[in-house]
Amino acid sequence: MKQDKAYYCKLYFNQILPQITEITTQSKYGYHGLSHTNQVALFGIDLAYSINQDILPVILAAGLHDCARTNDEWCTEHGPRAVLVGRDFLSKNYKNLSESTIRQILYAVENHTVGRVAPDGVSACLWDADRIRLSWEYGFRPEFFNTARGHDIAGLGIDGQRKYIEEQDAFLIRNRIKSYEQIQFEREQDKIQNTIGTVFSCRQK
């Protein structure tokens, strides 16, 4: 399992993330920047393992879920907008995906803000992965979670959250996916971007 987890992490960071960077309106850093998308992908891999869900559609959904955001505010429209981008993205880059898998990815993306009862593992993993941060910041609401693992991570206290992230960092460093310096640099850039305000490629008028 550890070898497979490293494989999917590398697949996400080395292949999927560069592709998402080409089509997203997100900034690299900031509250809903690509750094957030990356964390959702990492949470998603963990959750997918916990329910024996195929990981590729989960990390594709994670990569796409905020790609049509135009601001950091509460917004229910960016999910549906991302479906249009996502359908084209998947047809160009992932031609071997089945139609049913594409439908699952796009449904998960479209409904990740408003969905409550996930119809399949892709939605369950994406929605839980995206909501863990909200639980850590604003308080745990178990009714918003569809997987036992997501429920457990979202319900961690401060010490548990810190331990989880430290273990995640250690895994990335140990498998040469990211360096310690890179991780620290990205966190500092997030802090700076959050202070001055996220810059999007296309802002709402």
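Here, every reference points to the structure presented above.
Okay, so let's go over this structure. Residue positions are given per chain, counted from 1 along the sequence in the order it is written. Residues qualify for local features only when their pLDDT is at least 70, as the model is predicted, and side-chain atom pairs are given and counted only at 80 or more; totals for whole chains, interfaces and linings, by contrast, use all residues. Hydrogen atoms and water are omitted, and side-chain values are computed over all heavy atoms in the structure.

**What to know about the packing of helix H2 (residues 34–50) against helix H8 (residues 158–174)**
The angle between two axes is taken between their N-to-C directions and runs from 0 to 180 degrees, where each axis is a line fitted to C-alpha atoms and a helix contributes only its stretch in contact. Think of it this way: any DSSP run of H or I at least four residues long counts as a helix, any run of E at least two long counts as a strand, and we number them from the N terminus. Interaxial distance between H2 and H8 falls to 12 Å at its minimum, and their mutual angle equals 95°. What the angle tells us is that H2 and H8 run roughly perpendicular. Contacts between H2 and H8 involve Gln-39, Leu-42, Phe-43 and Asp-46 from the former and Tyr-164, Ile-165, Gln-168 and Leu-172 from the latter. Just so you know how the angles are binned, under 35 degrees is roughly parallel, over 145 roughly antiparallel, 65 to 115 roughly perpendicular, and the rest oblique. Contact criterion: two residues are considered in contact whenever any of their non-hydrogen atoms come within 4.5 Å of each other.

**A closer look at helix H6 (residues 121–138)**
Each residue after the first adds 1.5 Å to the expected span of a helix. The first and last C-alpha atoms of H6 sit 25 Å apart over 18 residues, in line with the 26 Å expected at 1.5 Å per residue. Bend, in this description, refers to the angle at a residue between axes fitted to the seven residues ending there and the seven starting there. Taking the largest bend as the criterion, H6 deviates by roughly 30°, centred on Arg-131. Phi turns positive one or two residues past the end of H6, at Gly-139, with a value near 115°.

**Re unusual backbone geometry**
Unusually for a residue other than glycine, Asn-52 sits at a positive phi of about 55°. In this structure, Arg-176 takes a positive phi of about 60° despite not being glycine. With respect to the element layout, Arg-176 can be found in the loop between H8 and helix H9 (180–196). Judged by relative accessible area, Arg-176 falls into the exposed class, the value being 78%. We call a residue buried when its accessible area falls under 20% of the maximum for its residue type, exposed when it is over 50%, and partly exposed in between, using a 1.4 Å probe and counting protein chains only.

**Topic: the pattern of salt bridges**
A pairing counts as a salt bridge when a side-chain nitrogen of Lys or Arg comes within 4 Å of a carboxyl oxygen of Asp or Glu. Under the criterion given, the structure shown has 8 salt bridges. Salt-bridge contacts for Asp-169 lead to Arg-187; the nearest nitrogen and oxygen are separated by 2.9 Å. Of this pair, Asp-169 sits in helix H8 while Arg-187 sits in helix H9, and the two are 18 residues apart along the sequence. We classify Asp-169 as buried; its relative accessible area is 12%. With a relative accessible area of 30%, Arg-187 lands in the partly exposed category.

**A look at the environment of Ile-192**
Topologically, Ile-192 is positioned in helix H9. Residues Ile-192 and Arg-87, spaced 105 residues apart in sequence, show a C-alpha to C-alpha distance of 33 Å.

**Looking at the side chain of Ser-135**
Here Ser-135 is to be found in helix H6. Residues contacting Ser-135, with those up to four places away along its chain left out, are Phe-140, Arg-141, Phe-145 and Ala-154.

**Points about H9**
The terminal C-alpha atoms of H9 lie 25 Å apart, and with 17 residues this matches the ideal 24 Å at 1.5 Å per residue to within 8%. Among all positions of H9, only Ile-183, Glu-186, Asp-190 and Gln-193 are buried. Looking straight down H9, one finds its buried side chains confined to an arc of 90°; they lie on one side. Exposed side of H9, more than 90 degrees from the buried face: Tyr-180, Glu-181, Lys-191, Thr-195 and Ile-196 are the residues found there. Summarising the contacts, the buried residues of H9 are in contact with H2 and H8. Each direction from the helix axis to a C-beta atom contributes to the arc, which is the arc of those directions.

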